[in-house]
Amino acid sequence: VQYHERVSCVSGESLVLAMMQSCPVIEGGYLRDILAQPQALEDTIIGLDESADLTSLAQRQILLTGMGSSYHAFQSILVELTEKGLPASLVETSELIHYQTRRLDAGTVTIALSQSGRSAEIARLIEINHGRSPIIGITNDPDSPLAHAARIRILTHAGSEFSVSTRTYVSSLAALAWLADRLCGRDSRDLTELPRAMSLYLERWRDHVAEAQSVLDGVQHMFLAGRGASLATAGTGGLITKESARFPAEGMSAAAFRHGPLEMVSPGMLLLVFEGHPRTAELNARLVHDVRSSGGRAELVRESAEPGLFRTPPVPTRLRPIVEILPVQMLTLALAARAGREAGAFERATKITLSE
């Protein structure tokens, strides 16, 4: 596939400033959380408990479960675990507690991820399980019901978060990567590269938001697409775009986009594709090419992109979802600024979902 990068619309400091002044970002708690992600990653990585004994659990069926971004996050390790011969499956907690409770037995280890550790579905899971399936609980709250119910608990150290999952999301991905390394017998030292890599990108957040405002000119709705581990970014990206900027966005697999949504290609639609693993990188680049050839708008997020908004910092392949979310966050800031509102300021939602 012949793929040519889009030339950045941001071509100098004066244009960056002009764009930011025309649609200024309201600098609230969501932005502060985005900029605090490197520190949250560093604190989480330092705090991971190397003494946790997972050997007795690694031989069982593995059930991965969560809600919202905690559900999507598991896509970052699902393929890894299955390729290592570990029988892993992923199910949304709401489906598990109502339709698949028979899966909760002694032969299955349940890995539950909940940033608060006390959302409605997680609380119900703990009640239904009642010790039947040993739980590995990943949470940001050491005093939560999930932390107390877990046979093994893995704590993130993201601190208190304003609204939309930012610090807790990337910290959860780091914890999942560490857990996958332990289950697969692999070293985790390269996790320490993440805070610096993310900091380098975020140092230029104003430039990235200005470029995003240019990219989004005339865009009315957005799709986010990936494959493999990058399904985590596609799913979470669609979710946080809706809740932080109140903008129509849908995350899906890059393959699924061709099965119907391709008909929606138009100048008012933006497709954001995450290159992800080299195994399917060419397929993802071809999708971007085909959408553009059909008169649509598409961008490819990857390490080798032209410097700017869609160029992610270099990290090990398995850790790419942790930095792929950064361009999405910049787009949400630009979308909210375009609408004249503070990104991530909830009016209806709550930080912890306590009702099913």
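Given the structure is predicted, the values throughout are model-derived calculations rather than measurements. (Residues numbered from 1 in each chain as written. Predicted model: local features only at pLDDT ≥ 70, side-chain atom pairs only at ≥ 80, totals over all residues. Heavy atoms only, no water.)

A. Summary view of the pattern of salt bridges. What the rule picks out here adds up to 18 salt bridges. For Arg186, the salt bridge is made with Glu80, and the minimal N-O distance between the two is 2.3 Å. Of the two residues, Arg186 sits in the loop between α9 (167-184) and α10 (194-202) while Glu80 sits in helix α5 (residues 75-83), which places them 106 residues apart along the sequence. Under the relative-accessibility criterion, Glu80 is labelled buried at 16%. For the salt bridge of Arg186 with Asp181, the shortest nitrogen-to-oxygen distance reads 2.7 Å. When salt bridges that share partners are traced, they join Glu80, Asp181, Arg186, Asp190 and Arg318 into one network. (Salt bridge = Lys/Arg side-chain N within 4 Å of Asp/Glu carboxyl O. Helix = DSSP H or I, 4+ residues; strand = E, 2+ residues; numbered from the N terminus. Buried < 20%, exposed > 50% of the residue type's maximum accessible area, 1.4 Å probe, protein only.)

B. Spatial organisation of the layout of surface pockets. One number sums up the size of the largest pocket: a volume of about 700 Å³. Along the wall of the largest pocket there are 30 residues; nearest its centre are Gln115, Ser165, Lys351, Ile352 and Thr353. Of all the secondary-structure elements, those providing two or more residues to the lining of the largest pocket are α4 (69-73), α7 (120-129) and α12 (231-245). Looking at the lining of the largest pocket residue by residue, the class counts come to eight nonpolar, 16 polar and six charged. (1 Å grid on protein atoms, 1.4 Å probe; cavity = no way out; pocket = protein on both sides within 12 Å on 5 of 7 lines; lining within 4 Å. Points joined across faces, edges and corners; volume = space filled by probe spheres on them. Nonpolar A, V, L, I, M, F, W, Y, C, P; charged D, E, K, R; others polar.)

C. Structural context of the packing of aromatic side chains. Counted under the stated rule, the structure contains one aromatic pair. Consider the rings of Phe223 and Phe257, whose centres lie 5.4 Å apart with planes at 75°: the pair is edge-to-face. Here Phe223 is found in strand β6 (residues 221-226), whereas its partner Phe257 is found in helix α13 (residues 254-257), with 34 residues between them in sequence. We note that Phe223, like Phe257, is buried. (Phe/Tyr/Trp six-rings, centres within 6.5 Å; stacked < 30°, edge-to-face > 60°.)

D. Structural detail: the confidence of the model for the protein. With 93% of its residues at a pLDDT of 70 or more, the protein shows a mean pLDDT of 92. Considering only residues more than four positions removed or in separate chains, one finds that residues 1-17, a stretch of pLDDT under 50, has 31 contacts. (pLDDT = per-residue confidence, 0-100. Contact = heavy atoms within 4.5 Å.)

E. View of the packing of helix α3 (residues 37-47) against α9. Packing of α3 against α9 leaves a shortest axis separation of 9 Å and a crossing angle of 35°. In this structure, α3 crosses over α9, and the sense of that crossing is right-handed. Here α3 contributes Gln37, Ala40, Leu41, Thr44 and Ile45 to the contact with α9, which in turn contributes Arg167, Val170, Ser171 and Ala174. The residue makeup of the contact of α3 with α9, split by class, is five nonpolar, three polar and one charged. (Axes fitted to C-alpha atoms, helices over the stretch in contact; angles between N-to-C directions. Left-handed = near helix turned anticlockwise from the far one by under 90°.)

F. Representation of the nonpolar core. Counting 80 residues, the largest nonpolar core has Leu81, Ile111, Leu179, Ile322, Met330 and Leu333 as the members making the most contacts within it. If sequence neighbours within four positions are ignored, Leu333 has contacts with Val25, Tyr30, Leu31, Ile34, Trp205, Val209 and Ala343. Formed by 15 residues, the second largest nonpolar core is a distinct cluster that contains Met252, Val265, Val291 and Ala298. (Core = buried A, V, L, I, M, F, W, Y, C linked by side-chain atoms within 4.5 Å.)

G. Here's a closer look at empty space enclosed by the protein. Counting across every chain of the model gives three cavities of 30 Å³ or more. As a volume, the second largest cavity reaches approximately 40 Å³. The wall of the second largest cavity is formed by Ser76, Ile77, Leu173, Ala177, Arg318, Leu319, Pro321 and Ile322. At the level of secondary structure, the elements contributing two or more residues to the lining of the second largest cavity comprise α5, α9 and α15 (320-338). Looking at the lining of the second largest cavity residue by residue, the class counts come to six nonpolar, one polar and one charged.

H. Layout of α9. Taking 1.5 Å of rise per residue, the 18 residues of α9 would be expected to cover 26 Å, and the 26 Å separating its terminal C-alpha atoms lies within 8% of that figure. For α9, a buried count of 17 out of 18 residues is recorded, marking the element as mostly surrounded by other parts of the structure. The positive-phi residue at the C-terminal boundary of α9 is Gly185, with phi of around 70°. (Expected span 1.5 Å × (residues − 1).)

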